[in-house]
Amino acid sequence: METEDKEDVKESFKILGILDVQKVPCARESILYGSLGSLVAGTGYFLATSRVKRSFDFGVGGFILTTLGYWFYCRYNYAKLRIQQRIIQEGMKNKIIYEGTQFDPVIKEKNNQSGN
């Protein structure tokens, strides 16, 4: 019985014990793109110079730069999307509240056009 209960509960994957990859938006994609950037930077530098230690250093630097770069890009777009969603929700709420009243923008436009 206990093993069945444990299988149903998904364990979250945490990086460095603080960053929960499943719950934090953009974390998974940032880590994946960072690892790809690390591979490209390290391999590219190794193929160009054949210096192993230095190519490892470039790989670590590529990981850090790519991860942070994509993290900020993704979080910026995520915040922009959340702001747009709030604006749309507020507009829908106002549409429901003002529909059919004297404050309805559609009725105001019709009255202004018929008055001219």
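Preceding block: the structure.
Residues numbered from 1 in each chain as written. Predicted model: local features only at pLDDT ≥ 70, side-chain atom pairs only at ≥ 80, totals over all residues. Heavy atoms only, no water.

Caption draft 1: Highlighting helix H3 (residues 52-98). With 47 residues, H3 should cover 69 Å at 1.5 Å per step; its first-to-last C-alpha distance of 68 Å lies within 8% of that length. Restricting attention to buried positions, one finds in H3 the residues Ser55, Gly59, Gly62, Thr67 and Cys74. Where H3 is buried, its residues contact helix H2 (27-49). At the exit of H3 stands Gly100, carrying a positive phi of roughly 85 degrees. (Helix = DSSP H or I, 4+ residues; strand = E, 2+ residues; numbered from the N terminus. Expected span 1.5 Å × (residues − 1). Buried < 20%, exposed > 50% of the residue type's maximum accessible area, 1.4 Å probe, protein only. Contact = heavy atoms within 4.5 Å.)

Caption draft 2: Seen up close, the packing of H2 against H3. Contact geometry for H2 and H3: axes closest at 7 Å, N-to-C directions at 150 degrees. With respect to their mutual orientation, H2 and H3 come out roughly antiparallel. Between H2 and H3 lies a crossing of right-handed hand. Residue classes in the contact of H2 with H3 are distributed as 12 nonpolar, 11 polar and 2 charged. (Axes fitted to C-alpha atoms, helices over the stretch in contact; angles between N-to-C directions. Parallel < 35°, antiparallel > 145°, perpendicular 65-115°, else oblique. Left-handed = near helix turned anticlockwise from the far one by under 90°. Nonpolar A, V, L, I, M, F, W, Y, C, P; charged D, E, K, R; others polar.)

Caption draft 3: Summary view of the state of the cysteines. Counted by the stated rule, this structure contains 1 disulfide. The disulfide partner of Cys26 is Cys74, and the gap between their sulfur atoms is 2.0 Å. Residues Cys26 and Cys74 are joined through a disulfide that is left-handed, its torsion about the S-S bond being -75 degrees. You can see Cys26 sitting in the loop between strand E2 (19-20) and H2 and its partner Cys74 sitting in helix H3, a full 48 residues away along the chain. There is no split in this pair, since Cys26 and Cys74 are both buried. (Disulfide = S-S within 2.5 Å.)

Any functional reading would require information beyond the geometric quantities listed.
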